[in-house]
Structures are given as structure tokens and as C-alpha cells.
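Residues per chain are reported as follows:
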Amino acid sequence: LSWFKVEAFCSKLEARSTTEESVPNQMNDANFWGELTRQHLKLDKELERLWRLDHGGALLLIDVANKLSFQLVLAMFAVGAERRDVIISCVALASGSFSMLLKSLYPMAQVTSLCQSKAANTKSIPRLAVEFVNHGDFTCEAQAAHSRFLQYVLGTPAGIEMPLMGLITQGRLVTYAKGAATLAPALLTYLLRTINHEGVR
């Protein structure tokens with residue numbers, strides 16, 4: 001639902017006439033950009049409402065907490081285990097569970113990216129809005145209104161933000177994935193060396 005709302009907003013900025021360099025008449029109107037600003041503010045409020053704790057946010061937090069608890073139990077089993085196969089299995093299962101957690105959060109990160117990404121070759125509200133900067137077809141009033149809209153969008157980025165988790169972005173998920181990819185092998189190596197040192201087979 002969140003993705004469709006943001007995608008619908010992006011489609012309003014993607015509108016083009018058959019000539020690539022020209023723009024639809026409605027965009028060459030200060031009122032269009034003023035209305036788009038109000039719609040963006042409404043979109044931001046709707047995303048906040050959808051993912052509050054009294055709506056979808058509670059379900060997501062429960063799901064995340066359950067998966068993290070499962071991973072913690074597996075890690076504790078691995079630390080207390082005295083057999084290599086048990087240690088390897090626990091670490092592997094915990095790593096797989098964490099990967100599935102990140103995968104479940106990725107669609108939300110995509111919504112945030114649509115709302116605020118400024119990276120090259122990406123589709124987002126800021127990137128689409130930037131295409132109209134100082135457009136030759138715009139009147140002075142339309143250029144000024146577009147400038148205010150762009151300033152608002154860049155200064156007030158929307159997206160999916162969760163209590164205790166913060167803004168869910170692709171960059172944050174990549175950071176978590178890198179941390180897990182570093183921690184899991186290190187933990188596995190440490191535990192295997194520990195049982196070897198103790199002479200347990």
C-alpha cells in the first residue's frame with residue numbers, strides 16, 4: 001500500500017508530452033507545484049500513520065523481535081555447544097534467519113528510496129523533481145513555485161520510519177548485512193577454536 005501511494009505520486013512528476021524537452025501545460029503553472037507540495041505533505045502524514053505502533057508498526061516490530069529472539073537463542077546454543085556440527089548449524093541458521101529479516105524489510109527500504117533517494121540512475125521524488133530545474137518552458141512564476149517545491153522535498157524527506165528502528169533505508173540494511181557478514185564468520189571461527197583448544201571432538 002505504501003509503495004503504491006508513493007509510486008502514484010511519482011507518476012505525477014513523470015508526466016511528459018510527446019516532445020521530450022517540453023512539459024505538460026499543467027506543470028507550467030505555479031498552482032500545480034503548490035498543490036503537489038500539499039499532496040507530498042499528505043503522503044508523508046499517511047506513511048507516518050500507516051507505520052505507527054497502533055497500526056502496521058506494531059506488527060512489524062513484533063515480527064522483528066521474534067526473529068531477533070530466535071537468532072539470539074541460536075547464538076546462545078552455539079556458544080554453549082561442544083560439538084562442531086551443532087555450532088556450525090546454529091551459526092548458519094542464525095545467519096539465514098537474519099538474512100530473511102533483512103529481506104522482509106527491503107520493500108520498506110524501497111519505499112523510502114522512492115521518497116528521498118538522490119543517487120544517480122534511481123527513480124525517486126527528488127530525482128524526478130530536479131529534472132524541471134530552470135526548465136525553459138516554465139514561466140517565472142512556475143519556476144519559483146517549482147523551486148519552493150524542490151526545496152521542501154529536499155528539506156523534508158519522507159519514508160518509512162519505525163519506532164526503535166529509525167528510518168528504514170537501503171543503506172541501513174546494507175550496513176546491517178555487512179555487520180552480520182563480518183560477525184558470523186568471526187563467531188564461528190572463535191567457537192571452533194575454543195572447542196579445539198579444550199580438546200573436545
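Residues numbered from 1 in each chain as written. Predicted model: local features only at pLDDT ≥ 70, side-chain atom pairs only at ≥ 80, totals over all residues. Heavy atoms only, no water.

Student: Explanation requested: the overall build of the protein in the structure shown.
Tutor: Helix and strand counts for the protein stand at seven helices and two strands. The linear arrangement of helices and strands in the protein, starting from the amino end, is α-α-α-α-α-α-β-β-α. Relative to its length of 201 residues, the protein is extended, with a C-alpha radius of gyration of 24 Å against a globular reference of 17 Å. Counting only C-alpha atoms, the protein reaches 80 × 35 × 25 Å along its principal axes. Taken over 201 residues, the protein has a buried fraction of 35%. (Helix = DSSP H or I, 4+ residues; strand = E, 2+ residues; numbered from the N terminus. Rg over C-alpha atoms; globule rule 2.2 N^0.38 Å. Buried < 20%, exposed > 50% of the residue type's maximum accessible area, 1.4 Å probe, protein only.)

Student: Got a minute to help me understand the nonpolar core in this structure?
Tutor: Buried together is how nonpolar side chains tend to be arranged in soluble globular proteins. With 40 residues, the main nonpolar core has Val6, Leu13 and Trp33 as its most contacted residues. Breaking this core down by element, the ones donating at least two residues are helix H1 (2-14), helix H2 (30-50), helix H3 (56-80), helix H4 (84-116), helix H5 (125-130) and helix H6 (140-155). In terms of residue count, the dominant contributor to this core is H4 (nine residues). Apart from the residues within four sequence positions on either side, Leu13 is in contact with Met27, Trp33, Leu36, Ile125, Leu128, Ala129, Phe132 and Phe149. Among the nonpolar cores identified, the runner-up in size contains nine residues, and Ala78, Ala81, Ala184 and Leu191 belong to it. (Core = buried A, V, L, I, M, F, W, Y, C linked by side-chain atoms within 4.5 Å. Contact = heavy atoms within 4.5 Å.)

Student: Before we go on, may I ask you to explain H3 in this structure?
Tutor: Since one α-helical turn is 3.6 residues long, residues separated by three or four positions face the same way. When the terminal C-alpha atoms of H3 are compared, their 37 Å separation across 25 residues agrees well with the 36 Å that a helix rising 1.5 Å per residue should span. Buried within H3 are the following residues: Gly57, Leu60, Leu61, Val64, Gln71, Leu74 and Ala78. (Expected span 1.5 Å × (residues − 1).)

Student: Whenever I open this one, the side chain of Thr112 confuses me. Can you help?
Tutor: With respect to the secondary-structure elements, Thr112 resides in helix H4. Here Ile160 takes part through its backbone nitrogen, which lies 3.1 Å from a polar atom of the side chain of Thr112. (Polar contact = N/O pair within 3.5 Å; in protein donor to acceptor, adjacent residues only side chain to side chain.)

Student: Explain the packing of H2 against H6 to me, please; I cannot follow it from the model alone.
Tutor: Between two packed helices, the angle of one axis relative to the other and the distance separating the axes together describe the packing. The interhelical angle for the contact between H2 and H6, taken along N-to-C directions, is 15 degrees, at an axis separation of 7 Å. Of the possible angle classes, the one that applies to H2 and H6 is roughly parallel. Like other packed secondary-structure pairs, H2 and H6 cross with a definite hand, here left-handed. Along its contact with H2, which presents Ala30, Trp33, Leu36, Thr37, His40 and Leu41, the element H6 presents Glu141, Ala142, Ala145, His146, Phe149, Tyr152 and Val153. (Axes fitted to C-alpha atoms, helices over the stretch in contact; angles between N-to-C directions. Parallel < 35°, antiparallel > 145°, perpendicular 65-115°, else oblique. Left-handed = near helix turned anticlockwise from the far one by under 90°.)

Student: How do you make sense of the side chain of Ser124 when you look at a structure like this?
Tutor: By the secondary structure assignment, Ser124 is in the loop between H4 and H5. A polar atom in the side chain of Ser124 sits 2.5 Å from the backbone oxygen of Ser117. Excluding its chain neighbours within four sequence positions, the residues that come into contact with Ser124 are Cys10, Ser113, Leu114 and Ser117.

Student: Would you take a moment to explain the packing of aromatic side chains for this structure?
Tutor: Any aromatic ring pair is given by two values, namely how distant the centres are and how the planes are angled relative to each other. Under the counting rule described, the total for this entry stands at six aromatic pairs. On the basis of an interplanar angle of 45 degrees and a centroid distance of 5.5 Å, the ring pair of Trp33 and Phe149 is categorised as tilted. Highlighted residues: Trp33 in helix H2 and Phe149 in helix H6, separated in sequence by 116 residues. For Trp33, a relative accessible area of 0% puts it in the buried group. Assessed through its relative accessible area of 0%, Phe149 is described here as buried. Put simply, the rings of Phe32, Trp33, Phe132, Phe138 and Phe149 pair up and form one aromatic cluster. (Phe/Tyr/Trp six-rings, centres within 6.5 Å; stacked < 30°, edge-to-face > 60°.)

Student: Hey, could you run me through the environment of Ala144 in this one?
Tutor: Structurally, Ala144 is set in helix H6. Under the relative-accessibility criterion, Ala144 is labelled partly exposed at 32%. Remark: the alpha-carbon pair of Ala144 and Val133, spanning 11 residues in sequence, is separated by 9.7 Å.

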